[in-house]
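Take a look at the letters that make up each chain.
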Amino acid sequence: MNKNKKIMIMAKSVQSIEPNIADLANGWLKSYKLDYKLEQESLNTEIDKALSDYFSKNGGSGANRPDAKLLLQDKKLNYYPVLIEYKGYKDKLVKLDADGRVENKNAKNEPNFKNINSYAVNGAVHYANALLHYTSYTEIIAIGMTGYKDEFGKIQHQIGVYYVSRKNLGVGQEVGTFTDLSFLAPNNFDAFIEKIESLSLTQEELDNLKAKREQEITASLVKLNNHIYQNEKGLGENDRVYLVAASIIATLGIAGKVSPLEKEDLKSSVEQGNTDGEIILRKIIAFLKEKNLPDAKRGLIIRTLQNTLTAENVNKVENGESQLKRVFTNIVDDLGIYYKIGLTTDFTGKLFNEMYGWLGFSQDKLNDVVLTPSYVATLLVKLARVNKDSYVWDFATGSAGLLVAAMNEMLVDAKNNIDSPNELAKKEARIKAEQLLGIELLPSVYMLAILNMILMGDGSSNILNKDSLKDFDGKYGYGKPKEQFPADAFVLNPPYSSLGNGMNFVEKALSMMQKGYAAIIIQSSTGSGRATEYNKRILKRNTLLASIKMPSDLFIGKSNVQTNIYVFRINEAHKKDDVVKFIDFSIDGYTRSNRRKASVNIKDTDHAKERYEEVVNLVRFGKNKLKILTEKEYHEGTIDPQNGADWNQIAPIDTKPTLADFKKTVSDYLAWEVSNLLKQKANEEDSLGK
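Description of the structure in this document. (Residues numbered from 1 in each chain as written. Predicted model: local features only at pLDDT ≥ 70, side-chain atom pairs only at ≥ 80, totals over all residues. Heavy atoms only, no water.)

## Points about the sheet that holds strand S11 (residues 463-464)
Overall, mixed pairing links the nine strands, which are arranged S11-S10-S9-S12-S13-S15-S14-S16-S19 in an open sheet. Strand pairing shows two members of the sheet lacking a second neighbour, S11 and strand S19 (634-637), which therefore form its edges. Here four bridges tie strand S16 (residues 580-584) to S19, and the two strands are oriented antiparallel to one another. Among the inter-strand pairings, Phe582 is bridged to a residue of S19, identified as His635. Contacting strand S12 (489-492), strand S13 (517-523), strand S14 (543-549) and strand S15 (563-569), helix H14 (residues 374-383) crosses the sheet at an angle of about 145° to S13. (Pairing = 2+ DSSP bridges. Helix = DSSP H or I, 4+ residues; strand = E, 2+ residues; numbered from the N terminus. Contact = heavy atoms within 4.5 Å. Axes fitted to C-alpha atoms, helices over the stretch in contact; angles between N-to-C directions.)

Shown next as structure tokens:
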């Protein structure tokens, strides 16, 4: 047979039967008497608009058209969008990654358009993420269906049903195995929703998903900042921060009370009272009022944002559009999905580092606001023994990354230990409103801290714009202004240019605590002579439990300082015989780079997560927890409380030779002698012409 004819016959045999699959599935939907809409039909304005605004399966915009779509309601009157994508080939149901997740991202955390286009489930999950990004719906059913004709001409079909929600960060979870779509029928739908509600992810699975999403956030922030930096002239660094904060707050909304601001709501009008900035400001005022923030705090936030939002240059209309609308549109398009899916991460910390990265830290003051990586923040929180009942404060809050990490730890502990849903809800509210306190002096950074805690469900109640050394008296900032904050956990990454490298912050905070633990990350020179007097005073009332040397490239690209973590027990004077745990954590399992265009600048290359967990256990329980680290990296010793410069010790090196050392030396010498003899013999043979 002619080779070309053979290829033509093979191509004909694998022709898509998508029309047959669509006809089969739509026939089922019709038999269930469901009001489904086809590709070109409208479901509702909100969903249609979201599908139009979201990037398409090819990377463009405006061409997201599921083959079928429905909006179903359960017995609790909750609505669930159902998005269905059909294919017509045998092996085109779903493409999963190595972890068994729908693979809609490539290795660079960019959209994998090949998979989204080629596989039914991947396409449906893509559409579902459009709704998470641009609508108020937080739970979506994504269905993929494909099939082929067997050798008898009979249609064989496959169905993939996935639940895409805020709970699984938009990645999706397989619901079960189905042979038809009858689970969508009115008499079966409530049981199907109950099955969905029983789905859960382990904490490890959630952590892995969050890590992937965090990498995506970094890439999106780089893209956004590149755009603003290159295309939006006249915006200072503070303006950028305020515009991002304002845009995000305006689009959050409060169900049933404050509608999220949409891009179309900004008309780029020059009419007084209706400029884009004034529209955004009104939405922010409504949002903050419904959040029941104290008047003084609400006023401070509004005043801070108002100057930027109402500035003439950002509201000036050119070619029918203001600069403010352009920036707002880019922020919502690039970042919207990450804060709308409720990602509990230091979102604004990443934003802050990215935006201030452009400044090159040419000013000493800015060099002091290098923020703590999220995994280090979590380490500090665990070392400070934070739990659901802790009261945590931070005297140099930055973007509130340490408080976000503390809140996450507290909420997880509450969820694991409180069985009553009502009691859990009360505890979660109390954690956010009463058990966290942060102080930040710089106004632009303070605004990011406020935004961060609002995004996390509003733990912003006690974020204070004060000088923690001069103006803070230990009392709640809002709500209970006359009551002392009963702090029993202190976490800190201080400004290193401050007195004692920042130990003045530590001394003040610890002096105001009656019990608990503290974990601080600070320049290593603090423990070897740069803060001697502070250290000696601190040890008169507190015990140094551990000194941990961190990797030298921890803040790569932001700062080159060598850091240590010091852990204290509060209100118990350090005695000369108290055991201190010295840990050399220079190798933490992460490999870091500082490539500007890299999608990922940190990789877990050697059990990093396990290493960090081991450090926590070593500080808490001691040497018997050594697994990955060795005795060369872990040492228990003592310090002199009257010294103040002996906090950075290393494990002693035994210089006494052992029998094994002697045997190795002899072995090496004999090997050298034999090698020389063989070379000598070879040279003699060569000289004889052999």
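Moving on, there is more to tell.
## Topic: the packing of aromatic side chains
In this description, a pair of aromatic rings is defined by centroid distance and the angle of the planes. The full count for this structure, using the stated rule, is 19 aromatic pairs. Ring geometry for Tyr590 and Tyr612: centres 5.8 Å apart, planes at 55°, overall tilted. Of this pair, Tyr590 sits in strand S17 (residues 590-592) while Tyr612 sits in helix H20 (residues 608-621), and the two are 22 residues apart along the sequence. Owing to a relative accessible area of 18%, Tyr590 belongs among the buried residues under this scheme. Taken together, the ring pairs connect Tyr391, Trp393, Phe395, Phe472, Tyr476, Phe485 and Phe490 into an aromatic cluster. Sitting over the ring of Tyr517, Arg385 keeps its end group 4.1 Å from the ring centre. Stacked on the ring of Tyr534, the Lys or Arg Arg537 has its end atom at 4.9 Å from the ring centre. (Phe/Tyr/Trp six-rings, centres within 6.5 Å; stacked < 30°, edge-to-face > 60°. Buried < 20%, exposed > 50% of the residue type's maximum accessible area, 1.4 Å probe, protein only. Lys NZ or Arg CZ within 6 Å of the ring centre and 35° of its normal.)

## Structural notes on helix H15 (residues 401-417)
Its 17 residues give H15 an end-to-end C-alpha distance of 25 Å, which sits within 8% of 24 Å, the value for a rise of 1.5 Å per residue. Taken together, the buried positions of H15 are Gly401, Leu402, Leu403, Val404, Ala405, Ala406, Met407, Asn408, Met410, Leu411 and Ala414. (Expected span 1.5 Å × (residues − 1).)

## Re the sheet that holds strand S6 (residues 173-176)
Sheet strands line up and pair through hydrogen bonds in the backbone, either parallel or antiparallel. Reading across from one edge, S1-S2-S3-S4-S5-S6 is the order of the six strands in this open sheet, with mixed pairing throughout. At either end of the open sheet lies a strand with only one pairing partner, and these are strand S1 (37-38) and S6. Sheet topology places strand S5 (residues 155-165) next to S6; three bridges connect them, and they run antiparallel. Paired with Tyr162 across the strands is Glu174, a residue of S6.

## Side note on the nonpolar core
Core analysis: the biggest nonpolar cluster contains 160 residues, and Ile280, Trp393, Phe490, Leu510 and Phe568 have the highest contact counts within it. Filtering out sequence-adjacent residues up to four positions away, Trp393 remains in contact with Leu403, Leu437, Phe472, Gly474, Phe485, Ala487, Ala489, Phe490, Val491, Ala509, Met512 and Met513. Grouped together as the second largest cluster of nonpolar side chains are 32 residues, Ala25, Trp28, Tyr163 and Phe178 included. (Core = buried A, V, L, I, M, F, W, Y, C linked by side-chain atoms within 4.5 Å.)

## What about helix H5 (residues 120-134)?
Because each turn of an α-helix spans 3.6 residues, side chains separated by three or four positions end up pointing in the same direction. With 15 residues, H5 ought to run about 21 Å at 1.5 Å a step, and its terminal C-alpha atoms sit 22 Å apart, in line with that. Counting buried positions over the 15 residues of H5 gives 15, a clear majority of the element.

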